[in-house]
Amino acid sequence: MRRIRACLGAAAAVTLAAAGTTALVASNASGATSSLSNRWYAAAPYLMPLDNDPPDAAAIMDASGLKAFQLAFILAPDGGGCSPTWGGTAPVSGDTAVQNVISTIRAKGGDVSVSIGGYGGTKLGQACADAASTAAAYQQVITKYGLHAIDFDLEEPEYENTAAVRNEIGAAKILQQNNPGLYVSVTTAGTADGTGWFGKQMLLEAKSQGFTPNNFSIMPFDGGFNGAASQTGALTNFNAILRSTFGWDEATAYAHEGFSGMNGRSDTGEYFSQADFQTVLDYATSHNMDRFTFWSLNRDRQCSPADNGGRTSGTCSSVAQNAWDFAKYSVKFAGATPPSTTPTPTPTPTPTPTPNSCRTAWSSSSVYTAGNEVSYNKHNWKAKWWTQNEVPGASEWGPWQDEGAC
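The model shown is predicted, which means the values in this text are computed figures rather than measured ones.

A. View of the overall build of the protein chain. When helices and strands are tallied, the protein chain shows twelve helices and 17 strands. In the protein chain, which comprises 406 residues, the proportion classed as buried is 54%. When the accessible surface of the protein chain is totalled, it reaches about 15500 Å², and 51% of it is carbon and sulfur.

What follows is the structure, encoded as C-alpha cells:
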C-alpha cells in the first residue's frame, strides 16, 4: 500500500501510561472541540499531507461531501530514535504544516484520523524499547492534534517482526485505555484467503493481550486480485478468520471487520474501477462491516498522458474518472449523500506506454537509497528505501517500484 529517534525513557513512558493521559479534551493545540461519529472515522480515506502532490482537502470536502481524512504516515525518525515524525523526516513536535491542514478541515466541520506505519520505513514499534514507550510516542501525536481516531497500519516489513508487533498492539491497547472514546483501527495485508500468516499472527497477538480495536481491516490488493469479486471473497474469508481467532459469531466478526482498498491501478498492475468500489461498498454495508476506506485521495484524480502511461502513480489513479469519484464511496459508507456531478467519462483502453529511455543498469554490489533509479529486465525501477543486492521485481513487497518499460 503505499499504497511511502530519541526514545522516551521506559520509566517516563510507564508513568505516562499509568497516569491515564487523555487527549480527547475540549481544548487543545489544534483546536479540536468535538468529534465526528465513528462512521465518519471508519470512512476516512488516506491522504498524504506532505507528499505525492497533496490535494486541497477543503476542495475535496466541497466537491465530494467528505468530512473525514486518514492522514499518513507516522514513522520513527530516519536517523533512529523513538519520537514520532511524518514520513521519517518531519518531527511531529515542530510540525505546523500538517496542523494547518487539520485546522482547515476542522474549520469546515470535518476531522482527521492519523495513520501510523504503512509500507516501508522504520516504524515506532521497531524503534521503541517496549509497548509503553511506543504508546508514549503515539500519545504525543494524539495530544498535539487532539485526535479522536488513530489507525495502526501494520504491514511490511514490520509485521514480520514479532517484538515490533507486540509493541504496536500493546501500544494500541494503552492508547485505547488512556484516551476514552478513541476510535482505533488496525490495518494489515489482505490475501485471497483473508490475510496471510503474519496477519494471523498479529490477530493472535491481539487476542493474547486482550485487545479489541474498533476493527481489523485488510487490504485486498497487490496480491493477485482481479476486481470486486476477488475482494469480497477475501472479506468473507477474513470474517471466518476473525470468528475462529476470537470466538465471535459471524455478525460480531463483521462488526469488527474493515476494508481498505486501492483506487485505480494497484502497485502490481491490478485495476479497481468505480464499479468495483460500488460492489464492495454494497457488500460492506449489507454485512454491517465497520470500515470502508482506500489508498488514496492523492490518487483520486485522472492522470494526464504526460503524468502516466499505464503504470501506477502516487498522484493519480490510471483509470478514467472525475476528480474525487472514489471519495464519494466513502461518503456513502458514512451515511451521507455526495453532491451530484457530471457522469464519469467512458473508460478507454489503457494505452500501450511509450518506452522510456533505460536508466543505468542495476548492480548487485551497489547500494541504492530511496529515489535512486535503475534499469533491469527492460524496465526502469525506483528504490523505495535503502537496498543492496535485492533484484528488482523479485518480490511484490520488495524495495523496487516498477516505473514501466524502457
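Now that the structure is up, let's keep going.
B. A look at the nonpolar core. One finds Phe69, Leu71, Ile74, Phe152, Phe216 and Phe292 to be the most contacted residues of the largest nonpolar core, which totals 95 residues. In this view, Phe216 contacts Val186, Met202, Leu203, Ala206, Phe238, Leu242, Phe246, Trp248, His256, Glu257 and Gly258; residues no more than four positions away in its chain are not counted. Trp362, Val374, Ala383 and Trp400 belong to the second-largest nonpolar core, a separate cluster that totals six residues.

C. The state of the cysteines, seen in detail. This structure, assessed with the given rule, holds two disulfides. For Cys82, the disulfide goes to Cys128, at an S-S distance of 1.9 Å. With the S-S bond torsion at 100°, the cross-link from Cys82 to Cys128 turns out right-handed. Of this pair, Cys82 sits in the loop between β2 (68–75) and β3 (85–86) while Cys128 sits in the loop between α5 (124–127) and α6 (131–145); the two residues are 46 residues apart in sequence, bridging distant segments of the chain. Cys82 sits in the buried class, given a relative accessible area of 1%. Across the disulfide, Cys303 is cross-linked to Cys316 (sulfur-sulfur distance 2.0 Å). Between Cys303 and Cys316 the sulfur-sulfur dihedral comes to about 100°; the bridge is accordingly right-handed. With Cys303 in the loop between β12 (291–295) and α12 (327–333) and Cys316 in the loop between β12 and α12, this residue pair connects regions lying 13 residues apart in the sequence.

D. Just unusual backbone geometry, in detail. Cis geometry marks the peptide bond from Glu156 to Pro157; its omega dihedral reads -15°. The omega torsion of the bond from Trp295 to Ser296 falls at 0°, within 30 degrees of zero and hence cis. Within the fold, Ser296 resides in the loop between β12 and α12. With a phi angle near 55°, Asn52 is a residue other than glycine that sits in the positive phi range. Mapped onto the elements, Asn52 comes out in the loop between β1 (46–47) and α3 (57–64).

E. Quick peek at the sheet that holds strand β15 (residues 379–383). Pairing is antiparallel in the open sheet, where three strands are placed in the order β14-β15-β17. Single-partner strands in this sheet number two, and they are β14 (373–376) and β17 (400–405). Between one strand axis and the next, the sheet turns through 30° on average, direction left out of account.

F. Focus on the environment of Leu204. Relative to the helices and strands, Leu204 is located in helix α8 (residues 197–209). The exposure class of Leu204 is partly exposed, given its relative accessible area of 43%. Sequence separation between Leu204 and Phe246 is 42 residues, and the spatial gap between their C-alpha atoms is 8.5 Å.

G. Summary view of the packing of aromatic side chains. If you walk through the whole model with that rule in mind, you get 21 aromatic pairs. Centroid distance Phe277 to Phe326: 4.7 Å. Interplanar angle 70°. Geometry classified as edge-to-face. Of this pair, Phe277 sits in helix α11 (residues 274–286) while Phe326 sits in the loop between β12 and α12, placing them 49 residues apart in sequence. For the pair Trp362 and Tyr376, a centre-to-centre distance of 5.5 Å together with 80° between the ring planes defines the contact as edge-to-face. Highlighted residues: Trp362 in the loop between α12 and β13 (367–368) and Tyr376 in strand β14, separated in sequence by 14 residues. Using a relative accessible area of 32% as the deciding quantity, one classes Tyr376 as partly exposed. Through a chain of ring-to-ring contacts, the aromatic side chains of Phe259, Phe277, Phe292, Phe294, Phe326, Tyr329 and Phe333 assemble into a single cluster. The side chain of Arg39 reaches across the aromatic face of Phe333, ending 3.7 Å from its centre.

H. Here's a closer look at α8. The terminal C-alpha atoms of α8, which comprises 13 residues, lie 19 Å apart, in line with the 18 Å expected from a rise of 1.5 Å per residue. For α8, the complete set of buried residues consists of Gly199, Met202, Leu203, Glu205, Ala206 and Gln209. Angularly, the buried residues of α8 cover 155° about the axis, an arc narrow enough to put them on a single face. Away from the buried face of α8 by more than 90 degrees, exposed residues Trp197 and Ser208 are located. Of the residues one or two after α8, Gly210 is the one with positive phi, at around 70°.

I. Layout of the confidence of the model for the protein chain. Averaged over every residue, the pLDDT of the protein chain is 88; residues scoring 70 or more account for 86%. Here residues 1–29 is modelled with pLDDT under 50, and outside its nearest four sequence neighbours on either side it reaches 93 contacts, counting other chains as well.

J. Fine view of the pattern of salt bridges. If you walk through the whole model with that rule in mind, you get five salt bridges. Put simply, Asp111 and Arg106 hold a salt bridge, and the shortest N to O gap is 2.7 Å. Just as Asp111 is buried, Arg106 falls in that class too.

K. A look at the pairing of strand β9 (residues 257–262). Most of β9 is tucked away, with six of its six residues classed as buried. Neither face of β9 is exposed, since Glu257, Phe259 and Gly261 on one face and Gly258, Ser260 and Met262 on the opposite face are all buried. The pairing of strand β8 (residues 215–219) with β9 spans three bridges and is parallel. Residue pairing for β9: Ile218 is matched across the bridge by Phe259. Where β9 and β12 come together, five bridges link them in parallel fashion. Across the sheet, residue Met262 finds its bridge partner in β12, namely Trp295.

Conventions used here
Residues numbered from 1 in each chain as written. Predicted model: local features only at pLDDT ≥ 70, side-chain atom pairs only at ≥ 80, totals over all residues. Heavy atoms only, no water. Helix = DSSP H or I, 4+ residues; strand = E, 2+ residues; numbered from the N terminus. Buried < 20%, exposed > 50% of the residue type's maximum accessible area, 1.4 Å probe, protein only. Areas by Shrake-Rupley, 256 points an atom, 1.4 Å probe, with all protein chains shown as cover. Core = buried A, V, L, I, M, F, W, Y, C linked by side-chain atoms within 4.5 Å. Contact = heavy atoms within 4.5 Å. Disulfide = S-S within 2.5 Å. Pairing = 2+ DSSP bridges. Axes fitted to C-alpha atoms, helices over the stretch in contact; angles between N-to-C directions. Phe/Tyr/Trp six-rings, centres within 6.5 Å; stacked < 30°, edge-to-face > 60°. Lys NZ or Arg CZ within 6 Å of the ring centre and 35° of its normal. Expected span 1.5 Å × (residues − 1). Arc of directions from axis to C-beta. pLDDT = per-residue confidence, 0-100. Salt bridge = Lys/Arg side-chain N within 4 Å of Asp/Glu carboxyl O.

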